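Geometric and topological summary
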Amino acid sequence: MFKYFLGNSPRWFKFTMIFFLVFNIISYYTLGATITAWIVIAEFILTLAMALKCYPLQSGGLIAIEVLFLQLTSPEQAYYEVNQNLEVILLLMFMVAAIFFMKPLLMYIFSKVFVKVKSKVTLSVLFVFISAVLSAFLDALTVTAVLISVAVGFYGVYHKIHSSDKDYDDSGKLDRKELSGETLEKFKSFLRSLIMHGVVGTALGGVMTLVGEPQNLLIGERMGWDFIEFMMYMDHVTIPTFIAGMILTVVLEKTKVFGYGQKLPEVARTIIENYTAEEDKKRTDKEKTGLIIQGVAAILLITGLALHIAPVGFIGLALIIFQTAFMGITQEHSLGKAFEEALPFTALLVVFFVIVAMIHDQHLFTPIINWALSMEESQQPAMFYIANGVLSAISDNVFVATIYINEVKAAFDAGQISREHLNELAVAINTGTNLPSVATPNGQAAFLFLLTSALAPLINLSYMKMVKMAFPYTIVLGIMGLLGVMYF
């Protein structure tokens, strides 16, 4: 039984999980609910950190079941959290699947970009900039799904050449020999740095607008701000931070620190260039038609999201129907593949909401909120920013923002603070939950999605590696955001 428990996970991790499950019961009856709840958060973060060795749905899920069993929260409260985040769940189910069908188009565009743009610095800045702009008008998770799709596709191209008997660069040496060993490691490092620039870009753009991140919508709704108002209230913090982020990207690529700076190996570039040229020649009429339909779908996607004609998940579902109908994909098993990538993560997110419900029911963050509200008015925005940043990094930014905005709105409704002060606090809450939360994968849904995606093991992107690579961004974005809240 022990051998099969949690599959191929390390033995120490299996023992640790069994220890947690036994210890939590003892802790609950001796140390009480509040302390046990804090211990559970630490345990859950460990299960996320072990994502490459054991998918967190199993290990984290067992802890979540125990949380319900010990009545640290109720199924009703967990359901309420899921209900509040239904839009995010629909997005993951349908939008990621819609992007799956657009993969040939994405590959067509990005393989050209990868090969044509020779400078890694330019490519990195391009990645941050495009991810930020798209995240501001679409949403960070959709953009991350696109990034993952592109990187998996690009890795697939490399792997395909690597396992063939071709010689695309006419060097007289088989490509698979040229692409092995050190070249492969360099290629992985190249993809790793680009994808991390990209997801940080989603955070930089996501903080700016009403639709960039799920919590922005919530804050905007509570404050009664529309799209333009939201942008205007945030810009004194978001624009300087965005500029600082872009400068940092250049610095990281030039100095080659924190795992950045690896260029695409020249031999790999030549081989991939010749491979894509050959693929272009071999393209059938059916594939060409497919590309046109995917292009139309991409325009519909951007238009639909920018105009907010429906919840994101609904737009995704509409695109699945549109693309598959016109590309003639009508077999059930052909549709199934599109959902494989996102559904395990969707299940993990529901487990995550059980932990969030526990934090809510045990009032774990209430003392911190009361402490921030008890300070002098002039110090409050900075304190709220810091408190939101720290809590978002260990739990979930949507949840933290929900709690804080509700508390300050209640204080305003009770006549404790002025409208002007409420505006300042709302800006601090939004930027605090969006910027410093890039520190860990649990802070941002986009980061967690990347960590648990099919891409992470391919390019050796572990929890700790993500933390290390995000560290310079955390410091710069965190400090710029704080300065913006305090002085700009």
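Structural notes, computed from the coordinates. In this text, all values refer to a predicted model and were calculated from it rather than measured experimentally.

Regarding the overall build of the protein
Broken down by element type, the protein carries 24 helices and zero strands. Against the 2.2 N^0.38 benchmark of 23 Å for 488 residues, the protein shows a C-alpha radius of gyration of 23 Å, consistent with a compact globule. Dimensions along the principal axes, computed over C-alpha positions, put the protein at roughly 75 × 60 × 50 Å. Expressed as a percentage of its 488 residues, the buried residues of the protein come to 54%. In the protein, the share of contacts with a sequence separation of at least 24, taken over all contacts with a separation of at least 6, comes to 78%. Accessible surface computed for the protein: about 20700 Å², of which carbon and sulfur atoms make up 67%. Each charge class in the protein was averaged separately, 32 positive and 38 negative side chains, and the resulting centres sit 14 Å apart.

So, the packing of aromatic side chains
All told, the structure shown has 20 aromatic pairs when counted by the stated rule. When the centroid spacing of 5.7 Å and the interplanar angle of 20° are considered together, the rings of F44 and F352 count as stacked. Of this pair, F44 sits in helix α2 (residues 33-49) while F352 sits in helix α17 (residues 343-361), placing them 308 residues apart in sequence. Assessed through its relative accessible area of 3%, F44 is described here as buried. One aromatic cluster is present, built from ring pairs that chain together F154, Y155, Y158, F187 and F190. Here the basic side chain of K14 rests over the ring of F2, its NZ or CZ set 5.4 Å away from the ring centre. Between the NZ or CZ atom of R419 and the centre of the ring of F412, over which it lies, the distance is 6.0 Å.

Here's the deal with the packing of helix α5 (residues 86-101) against helix α6 (residues 103-116)
Relative orientation of the contacting elements α5 and α6 amounts to 60°, with a least axis distance of 4 Å. When the axis of α5 is compared with that of α6, the two are oblique. For the pair formed by α5 and α6, the contact residues are I99, F100 and F101 on the first element and K103, P104 and L106 on the second. Residue composition of the contact of α5 with α6, grouped by class: five nonpolar, no polar and one charged.

So, empty space enclosed by the protein
Tallied over the entire structure, the rule returns three cavities of 30 Å³ or more. In this model, the largest cavity occupies a volume close to 120 Å³. Looking at the largest cavity, it is lined by 15 residues, and the ones nearest its centre are V88, L349, D396, V398 and A445. For the lining of the largest cavity, the secondary-structure elements that each account for two or more residues are α11 (214-223), α17, α20 (397-413) and α22 (445-451). When residues of the lining of the largest cavity are assigned to their parent elements, the largest contribution, three residues, is made by α17.

Considering the pattern of salt bridges
By the definition in use, this model includes seven salt bridges. Close ionic contact of K120 with E253 constitutes a salt bridge, the shortest N to O distance being 3.2 Å. Residue K120 is found in helix α7 (residues 120-137), and its partner E253 is found in helix α12 (residues 227-255); the two are separated by 133 residues along the sequence. In terms of burial, K120 and E253 fall into one category: buried.

Concerning unusual backbone geometry
In this structure, L6 takes a positive phi of about 55° despite not being glycine. Residue L6 is classed as buried on the basis of its relative accessible area of 14%. Positive phi is not limited to glycine here, since F258 has a value of about 55°. Position of F258 among the secondary structure elements: in the loop between α12 and α13 (266-282). When its relative accessible area of 32% is taken as the criterion, F258 is described as partly exposed.

What to know about the environment of A310
Assignment of secondary structure puts A310 in the loop between α14 (285-307) and α15 (312-327). C-alpha separation for the pair A310 and A414, spaced 104 residues apart in sequence, amounts to 34 Å.

Some words on the packing of α5 against α15
One can describe the packing of α5 onto α15 by two numbers: an axis separation of 7 Å at closest approach and a directional angle of 25°. Between α5 and α15, the angle falls in the class roughly parallel. Regarding α5 and α15, the two cross each other, and that crossing is left-handed. Contacts from E87, L90, L91, F94, M95, A97, A98 and F101 of α5 reach α15 at V312, G313, F314, I315, G316, L317, L319, I320, Q323, T324 and M327. Of the residues assigned to the contact of α5 with α15, the class counts are 14 nonpolar, four polar and one charged.

With respect to the nonpolar core
Counting residues in each nonpolar core, the largest one holds 154 residues, and the members touching the most others are M95, M196, M358, L450 and L461. With near-sequence residues (within four places) excluded, L461 lies in contact with L52, R192, I195, M196, L450, L451, A456, M466 and M469.

Here's the deal with helix α3 (residues 56-69)
Note: α-helices contain 3.6 residues per turn, so residues at a spacing of three or four share the same orientation. In this model α3 runs 19 Å from its N-terminal to its C-terminal C-alpha over 14 residues, within 8% of the 20 Å that 1.5 Å per residue would give. Along α3, the residues that are buried comprise P56, S59, G60, G61, I63, A64, E66 and V67. On its buried face, α3 sits against α1 (11-30), α2 and α17. Where α3 terminates, the next one or two residues include Q71, which has phi positive at roughly 60°.

Quick notes on the environment of A42
Topologically, A42 is positioned in helix α2. We classify A42 as partly exposed; its relative accessible area is 46%. For the pair A42 and T289, spaced 247 residues apart in sequence, the C-alpha to C-alpha distance is 51 Å.

Quick notes on the side chain of K120
For K120, a relative accessible area of 5% puts it in the buried group. Side-chain polar atoms of K120 contact the backbone oxygen of Q262, separated by 2.8 Å. Apart from residues lying up to four places away in sequence, K120 is in contact with F190, S193, L194, E253, G261, Q262 and K263.

Here we look at the side chain of Q77
Within the element layout of this structure, Q77 appears in helix α4 (residues 75-84). Judged by relative accessible area, which is 15%, Q77 ranks as buried. When residues no more than four places from it in sequence are discounted, the contact partners of Q77 are A357, H360 and D361.

Rules of the game
Residues numbered from 1 in each chain as written. Predicted model: local features only at pLDDT ≥ 70, side-chain atom pairs only at ≥ 80, totals over all residues. Heavy atoms only, no water. Helix = DSSP H or I, 4+ residues; strand = E, 2+ residues; numbered from the N terminus. Rg over C-alpha atoms; globule rule 2.2 N^0.38 Å. Buried < 20%, exposed > 50% of the residue type's maximum accessible area, 1.4 Å probe, protein only. Contact = heavy atoms within 4.5 Å. Areas by Shrake-Rupley, 256 points an atom, 1.4 Å probe, with all protein chains shown as cover. Lys, Arg positive; Asp, Glu negative; His and termini not counted. Charge placed at Lys NZ, Arg CZ, Asp CG, Glu CD. Phe/Tyr/Trp six-rings, centres within 6.5 Å; stacked < 30°, edge-to-face > 60°. Lys NZ or Arg CZ within 6 Å of the ring centre and 35° of its normal. Axes fitted to C-alpha atoms, helices over the stretch in contact; angles between N-to-C directions. Parallel < 35°, antiparallel > 145°, perpendicular 65-115°, else oblique. Nonpolar A, V, L, I, M, F, W, Y, C, P; charged D, E, K, R; others polar. 1 Å grid on protein atoms, 1.4 Å probe; cavity = no way out; pocket = protein on both sides within 12 Å on 5 of 7 lines; lining within 4 Å. Points joined across faces, edges and corners; volume = space filled by probe spheres on them. Salt bridge = Lys/Arg side-chain N within 4 Å of Asp/Glu carboxyl O. Left-handed = near helix turned anticlockwise from the far one by under 90°. Core = buried A, V, L, I, M, F, W, Y, C linked by side-chain atoms within 4.5 Å. Expected span 1.5 Å × (residues − 1). Polar contact = N/O pair within 3.5 Å; in protein donor to acceptor, adjacent residues only side chain to side chain.

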